[in-house]
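Overview (structure and organization)
Letter by letter, the chains look like this.
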Amino acid sequence: MDGLKLKEVDEATITRLIVKDAADDWMGLAKVDVAVVGAGPSGLTAGMYLAKAGLKTVIFERRLSTGGGIGGGGMLFHKLVVQSPADRIARAVGCGLKEVGEGLYTADTSEMIARLTTSAIDAGAKIILGVSVNDLIYRKEPPRITGVVIQWTPVILSGLHVDPLGVESRAVIDCTGHEAEVLTKASKRIPELKIHVKGEMSMWAREAERLIVEKTGEVCPGLYVAGMAAATLHGTPRMGPIFGGMLLSGEKVAKLIIERLENRIGQDL
Ligand code: 48H
């Protein structure tokens, strides 16, 4: 280490740099095109395609890491299964696949998390960790969702009452997985939306994968569902550690929103 010349920096400078740069980002994040809730496979895929299309996209993730349920693989074995045609998306993000049968592949969980995450970031999506979405912003006549209500996850865990902040968005996607947290909150707090969360059904991989893509879509104006949250909303089966449906669901919801927002350019929501 002889001769190593580290740039000298004091603590106050480090603090100012972090606070100023974060504040600059948050000024932009107060109003976005799309707020994605959850950085699991469906949320990261949706975020990537939305950002690629030029939409200002933020992904709020309540944990301090991305990937959601990918990391657990199948019962903690570090592999997951992807089937065609979702291998196209895995390849597009650069994830290595091992062909184990016709149209059937395995992948390492760590690589899938890393590739989906960097692809979303490279496309321009902003991923904010440690922030939970715990409510929605809505308007009446016609009833519609116009953003998300956010809070630091540690504040929620502490049980302290701290008023949250609102982020306006033209579309919100519930990609919160099994809990369908956003839709569950909306079903209780905005009854006029008539959202009924049925709860997911027991395992049937093939049917579940087909239905998850079919059920991905708009729930009410401004609010969309993708990934496992769609199974929870519509009462369709779970699939276990096969992830093609999650990638295709993320892609489908992004396409729907891109089409919808492009048709609405210049119109007030
Ligand atoms: C911010 C939140 C909030 C909140 C939750 O669980 P996920 O991986 O979800 P999907 O739908 O992208 O993928 C599902 C898949 O992982 C899975 O579980 C499968 C295939 N199961 C099959 C089976 O049979 O069990 O990711 C959701 C993410 C997580 O990272 C959460 O921490 C996060 O959303 N999240 N973030 N605000 N309110 N709620």
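In the block above lies the structure referred to throughout.
Residues numbered from 1 in each chain as written. Predicted model: local features only at pLDDT ≥ 70, side-chain atom pairs only at ≥ 80, totals over all residues. Heavy atoms only, no water.

1. Details of the pairing of strand β9 (residues 165-174)
This is how it is decided: Strand pairing follows a simple DSSP-based rule, namely that at least 2 bridges must link the two strands. A run of H or I in DSSP counts as a helix once it spans at least four residues, and a run of E counts as a strand once it spans at least two, with each numbered from the N terminus.
As paired elements, strand β1 (residues 31-37) and β9 share 6 bridges and run parallel to each other. From the neighbouring strand, V37 faces β9, where its bridge partner is D174. By the bridge criterion, 4 bridges tie strand β8 (residues 144-152) to β9 in an arrangement that is antiparallel. Note that in β9 the partner of V148 across the bridge is V167. Bridge count between β9 and strand β11 (residues 223-225): 3 bridges; the pairing is parallel.

2. Digging into the site of the ligand
Test applied: Any residue with a non-hydrogen atom lying within 4 Å of a molecule or strand is treated as near it. Think of a polar contact as two N or O atoms within 3.5 Å of one another; within protein, one of them needs to be a possible hydrogen donor and the other a possible acceptor, and neighboring residues in sequence only count if both atoms come from side chains. Note that accessible areas follow from Shrake-Rupley with a 1.4 Å probe, and for residues the cover is restricted to the protein chains shown.
What surrounds the ligand is a group of 27 residues, the closest being S42, E61, G69, M228 and R238. Contacts to the ligand include G69, whose backbone N or O atom sits 2.7 Å from an oxygen atom. Within the backbone of M239, a nitrogen or oxygen atom sits 3.4 Å from an oxygen atom of the ligand. Relative to its unbound accessible surface of 800 Å², the ligand loses 94% to contact with the protein. Where the shell around the ligand is concerned, the elements lending two or more residues are α2 (41-52), β2 (57-61) and β7 (131-139).

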